[in-house]
Amino acid sequence: MTDTATLTAGLHKALPPIAYAGNPLDRADAVRTDPARLATVQAAAGARLLVLDGLSPEFSAEGGLVWAPLAAAPEGADLVFLGLDPQGHGCFAAVAPALGGSTAPAAPNLRAMLDAMPAADLAIYGGARSLVDWHARHRFCARCGHATRAAKGGWQRSCTNAACGAEHFPRVDPVTIMLVEHDGRLLLGRQPRFPAGRYSALAGFVEPGETVEEAVAREVLEEAGVRVRDVRYVASQPWPYPSSLMLACHALADDPAIAIDHAELEDARWFTRAEVTAALEGRPDAPFGAPTHTAVARHLLEWWMVARG
């Protein structure tokens, strides 16, 4: 069988881009770490504010993001510097004082609108959402409990307690998401929270002290009772609910016997190539509903179809 790493080379060029990736803004670290330069960018006439309703975006008539003059930011809000647009204008998001942190993914109707959002706008929104949510949930120091304040253009929070002085940075949680293959079939599972009929790749957080490969093997064994080998990295995706890095992988199994952990999964099954094809095409006779276009799980399925074609 062809090695997965070899199959991966060049295949992504034949697939749609990964959602939430490809942010067109220049993160401009030299600006966000220089208070004087950042102040100049903020004061410039072209500085603009991403319009959010809590953690959700406002949508333009064309389905894209909505921007306002920076002066529209709520009074007392922390400003997060998202970066410079291609014209060199500063782009910001506001963390309103009353905003509470939320780890919930987008509601189904919002997900549908995000599915249709232009790729560049979706990538900007994903990064902004993760940052704004992190600020809302980290107003106090995890070391001493004192209040924190935004620093470095919103890419850091600093403890206001001089005796502590801790510096806190936006966190990213690594999550493995994997296709397991056996004899030309894929192992997919569903969680109770999924829409009716939806199946997707198994997934789980990387735990302290383990590699991505070890995390893939552990999660598949824990959730479905299947032992895997030859774990290979395929792609990654920033996922802003609240702030994960999805590490998409492929693995092989020698024994297809399934033992489901029902605390983790409602169901898990092996699906043939024909069944995966029907799901991706959205056919009425499909045995399951495929993940949405914004999920890297769908990219994995499409990648597998091309790789095994």
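The residue numbering used here restarts from 1 in each chain and proceeds along that chain's sequence as written. The predicted origin of the model limits local features to residues at a pLDDT of at least 70 and limits the giving and counting of side-chain atom pairs to 80 or more, whereas totals for whole chains, interfaces and linings rest on all residues. Hydrogens and waters are ignored; side-chain quantities use all the structure's heavy atoms.

## Some points on the overall build of the chain
Inference 1: The way it works is that DSSP assigns letters per residue, a run of H or I at least four long becomes a helix, a run of E at least two long becomes a strand, and they are numbered from the N terminus. For the chain, the helix and strand inventory stands at eight helices and 15 strands.
Inference 2: We take the radius of gyration over the C-alpha atoms and set the globule estimate at 2.2 Å times the residue count to the 0.38 power. Its C-alpha atoms give the chain a radius of gyration of 21 Å, near enough to 19 Å, the size a compact globule of 309 residues would have.
Inference 3: Based on the C-alpha atoms only, the size of the chain along its principal axes is roughly 60 × 45 × 35 Å.
Inference 4: Between buried and exposed lies partly exposed: a residue is buried under 20% and exposed over 50% of the maximum accessible area for its type, with that area taken using a 1.4 Å probe on protein chains only. The buried share of the chain, taken over its 309 residues, is 48%.
Inference 5: Taking the intrachain contacts of the chain between residues at least 6 apart in sequence as the baseline, contacts between residues at least 24 apart amount to 63%.
Inference 6: All accessible-area figures derive from a Shrake-Rupley calculation using a 1.4 Å probe, and residue coverage is judged against the displayed protein chains alone. When the accessible surface of the chain is split by element, carbon and sulfur atoms take 54% of a total near 14600 Å².
Inference 7: Residues counted as positive are Lys and Arg, residues counted as negative are Asp and Glu, and His and the chain ends are not counted. To locate a charge, take NZ of a lysine, CZ of an arginine, CG of an aspartate or CD of a glutamate. Taking the 27 positively charged and 35 negatively charged side chains of the chain as two groups, their mean positions are separated by 3 Å. By definition in these notes, contact holds between two residues if any of their heavy atoms fall within 4.5 Å.

## Overview of the sheet that holds strand S9 (residues 167-168)
Backbone-to-backbone hydrogen bonds join strands into a sheet, with any given pair of strands oriented parallel or antiparallel.
Inference 1: Any two strands are treated as partners once DSSP identifies two or more bridges connecting them. Read from one edge to the other, the open sheet built from three strands follows the order S7-S8-S9, with strand pairing classed as antiparallel. Each edge of the open sheet is held by one strand with a lone partner, namely strand S7 (148-151) and S9.
Inference 2: Strand direction decides the pairing type here: strand S8 (residues 156-159) and S9, joined by two bridges, are antiparallel. Bridge pairing links Ser158 to Glu167 in S9.
Inference 3: An axis is simply a line fitted to the C-alpha atoms; with a helix, the fit covers only the stretch in contact. Between two such axes, the angle follows the N-to-C directions and lies from 0 to 180 degrees. Sheet contacts for helix H5 (residues 119-137): S7, S8 and S9; angle to S8, the most-contacted strand, approximately 15°.

## Thoughts on unusual backbone geometry
Inference 1: The residue after Tyr241, namely Pro242, is reached through a cis peptide bond having omega 0°.
Inference 2: Its location among the elements puts Pro242 in the loop between strand S13 (228-239) and strand S14 (244-253).
Inference 3: One non-glycine residue with positive phi stands out, namely Tyr20, at about 75°.
Inference 4: Relative to the elements of secondary structure, Tyr20 occurs in the loop between helix H1 (4-8) and helix H2 (29-32).
Inference 5: Residue classification places Tyr20 among the buried residues on the basis of a relative accessible area of 4%.
Inference 6: Its identity as a non-glycine residue notwithstanding, Asp230 has a phi of 50°, on the positive side.

## Comments concerning the sheet that holds strand S1 (residues 48-50)
Inference 1: Taken together, the four strands give an open sheet; going across it, the order is S4-S1-S6-S5, and neighbouring strands pair in mixed fashion. The outermost strands of the open sheet, each flanked by one partner alone, are strand S4 (67-69) and strand S5 (78-84). Taking the axes of each pair of neighbouring strands and ignoring which way they run, one obtains an average angle of 40° across the sheet.

## Considerations on the nonpolar core
Inference 1: Buried Ala, Val, Leu, Ile, Met, Phe, Trp, Tyr and Cys residues form a nonpolar core when they are joined through side-chain atoms within 4.5 Å. Among the nonpolar cores identified, the biggest contains 54 residues, and Tyr20, Leu82, Leu114, Ile177, Leu179, Val276 and Leu300 are the most heavily contacted of them.
Inference 2: Ranked by residues supplied to this core, first place goes to helix H8 (residues 296-307) with eight residues.
Inference 3: What Leu179 contacts, discounting residues up to four positions off in sequence, is Leu186, Leu188, Ala201, Cys249, His250, Ala251, Leu300, Leu301 and Trp304.
Inference 4: Counting 16 residues, the second largest nonpolar core, distinct from the first, contains Leu187, Leu202, Ala224 and Ala251.

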